[in-house]
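A look at the structure
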Amino acid sequence: MKQILSLLIVSFLTAVSIQALNASSLNISGYMRSGLFADLTDESAENRANKFASLYYDSKHFGGSSKSRFDLKYSSDNGGIFVRHETTLTSSSPFSSSTLKRAMAYASFFDNAVIVEGGKLYDRFTAQTGDKKSSFGSSLGTRLVLHPADCLYLTAQASDYNPSYNDDGNAKADKNLFSLSAKYTAPYFFLTVAAHLSGIYYGCAGLTAIDNLTLIAEVFCDYGAHYKKGAKLDAAQVHYTRADVWIAYKVALFDFGVAGYVWFAEDEWFSKEAQRYVSFVNPYAKYVFSPLLTLQADGVVYIPRDDGELYATLTPALCFTASKNADATLFLKISSDSAQEHNTAGLGVRYKY
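If you're wondering where the values come from, they're calculated on a predicted model, not measured in any experiment.

1. Some remarks on the pairing of strand E12 (residues 213–222)
Bridge analysis of strand E11 (residues 200–207) against E12 gives eight bridges, and the strand direction is antiparallel. Residue Ala 205 lies in a different strand from E12, and its bridge partner there is Ala 217. Counting the residues that bridge the hairpin from E11 to E12 gives five residues, and of these Asn 212 lies at a positive phi of roughly 70 degrees. For E12 and strand E15 (residues 240–251), the ladder comprises ten bridges, and the chain directions are antiparallel. Considered in E15, the bridge of Cys 221 is made with Thr 241.

What follows is the structure, given as C-alpha cells:
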C-alpha cells in the first residue's frame, strides 16, 4: 500500500506541477542565518578549549539556531506547488526527508471553492496562528479543502501524521490516517478547531476587533495512541495538554508583547529533563531607533511544577540593519540561575532573499 500511495502522490504532484508551470507566478525566498556565541559561565578547561559555538541568536522570541531555509512557490489561477527545504548548518544530513519540510501541489476548482492538495503537506488554512502555530502538517498525504464562504474553511486529510502500522512496517488503512479541521472568521474574531482521529486535538481563537492588537489563545491536546513500526504501541508515550496565550501590540516604531504557556500532563511528562517546568512567561519588546539600529529584548520566566525555584533569563540585543535583506545582531543573555542556563554573548548574521 505504501508504494501505491507514494506512486499516486508523485503522479498527482507531477500533474499539478505541469499545470502550474503554464501559469504566471514563481516566487523564490528564504534566508540563511548563523553566528558565534560564547558561554560566559562555564570556565572549565573543556569549555575554554571550545569557547565558541555556532548559534544565530540565543533568544526565545526573536532568535533561534543557525539555519538555512529555501522556499519555492509557483502558483496559477487553478493550482500550484510549494517546496520548503530547511536545515541547521551543523546538520550531518542536510538533504534528507526530515529537511524537506514541505513538498506540496494543489489544484483549485470552482473559483477556489474546492481545493485538493497532495504531497508533504502544510496547512495553509486551519493551522494555529498564535505563538506555537501547531497543525497536522509536515506529513505525507492528501487533503480536501472546502471553502463555501469567505468566512469558512473545512478540511479533511489522510496522511501519515500519526498512523498505526501493520507487522510489515507499512501504515494501516484505518482511522488513524484521518483528520478534520475547520476555521471560521467573523468581523471581530476567528475560531479554529481540529481533530485527528487517533485522539489528538487542537483549537485556536483570536480577537481581531482592535487595530495593531494581537490576542490569540491556543490549546493542543495529545491523548492519541502512538504506534511504532512493527504494529507495537509506544510504551513510552505520555499524554498531555498544552495551552498558551499570546498578546502583542504595535504602535509606531514600538512593538511589545508577551506569550504564556502552561502544561497539564501525567507525572511522567514532568520527569523528563526538558519538561521540569509546568509553565513559562515570555515578554518581549522592540524599538526601531533608526533605519540602521533596532533595540530589542526578551525574557523568560520559568515556573516549576513542584517545590523547585523559578528562574528567569533576559536577552537584550542590538540589531544592525544593512538593508531590507541583511542584518547583524549583537546579544547578551543573562540567566538568574547558572545551573539551569548559562550566561552567553554572541553575534548573529542573517541574509533574507
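2. Topic: the nonpolar core
Generally speaking, nonpolar side chains in soluble globular proteins are found buried as a group. Core analysis: the biggest nonpolar cluster contains 27 residues, and Tyr 57, Trp 246, Phe 280, Tyr 302 and Phe 331 have the highest contact counts within it. Of all the secondary-structure elements, those providing two or more residues to this core are strand E10 (189–196), E11, E12, E15, strand E16 (254–265), strand E17 (277–288), strand E18 (293–304) and strand E19 (311–321). When neighbours within four sequence positions are excluded, Phe 331 is seen to be in contact with Phe 37, Leu 55, Tyr 56, Tyr 57, Asp 58, Thr 315, Pro 316, Ala 317, Thr 344, Ala 345, Gly 346 and Leu 347. Core analysis: the next-biggest nonpolar cluster, separate from the first, contains eight residues, Leu 121, Tyr 122, Phe 125 and Val 145 among them.

3. Overview of the pattern of salt bridges
One pass over the structure, following the stated rule, counts nine salt bridges. For Lys 67, the salt bridge goes to Glu 86, with nearest N and O atoms at 3.6 Å. Of this pair, Lys 67 sits in strand E3 (residues 67–75) while Glu 86 sits in strand E4 (residues 79–88), and the two are 19 residues apart along the sequence. Here Lys 67 and Glu 86 have matching classes, each one buried. Between Asp 244 and Arg 242 there is a salt bridge, with its nearest N and O atoms 3.4 Å apart.

4. Let's talk about the packing of aromatic side chains
This structure, assessed with the given rule, holds 18 aromatic pairs. Aromatic pair Tyr 202 and Phe 220: ring centres 6.4 Å apart, planes at 10 degrees, arrangement stacked. Note that Tyr 202 is positioned in strand E11 and Phe 220 in strand E12, a separation of 18 residues in sequence. A residue is classified by how much of its surface remains accessible, and Tyr 202, at 4% relative accessible area, is buried. By way of ring pairs, the aromatic residues Phe 136, Tyr 161, Tyr 202, Phe 220 and Tyr 240 are connected into one cluster. The ring of Phe 280 has Lys 60 lying over it, and the distance from NZ or CZ to the ring centre is 4.7 Å.

5. Considering the environment of Gln 157
Tracing the backbone through its elements, the reader meets Gln 157 in strand E8 (residues 152–159). Dropping the residues within four chain positions of it, Gln 157 is found in contact with Leu 121, Phe 136, Ser 139, Thr 142, Arg 143, Leu 177, Phe 178 and Ser 179. Polar side-chain contacts of Gln 157 include one of 2.8 Å to the side chain of Arg 143.

Thresholds, definitions, all that
Residues numbered from 1 in each chain as written. Predicted model: local features only at pLDDT ≥ 70, side-chain atom pairs only at ≥ 80, totals over all residues. Heavy atoms only, no water. Pairing = 2+ DSSP bridges. Helix = DSSP H or I, 4+ residues; strand = E, 2+ residues; numbered from the N terminus. Core = buried A, V, L, I, M, F, W, Y, C linked by side-chain atoms within 4.5 Å. Buried < 20%, exposed > 50% of the residue type's maximum accessible area, 1.4 Å probe, protein only. Contact = heavy atoms within 4.5 Å. Salt bridge = Lys/Arg side-chain N within 4 Å of Asp/Glu carboxyl O. Phe/Tyr/Trp six-rings, centres within 6.5 Å; stacked < 30°, edge-to-face > 60°. Lys NZ or Arg CZ within 6 Å of the ring centre and 35° of its normal. Polar contact = N/O pair within 3.5 Å; in protein donor to acceptor, adjacent residues only side chain to side chain.

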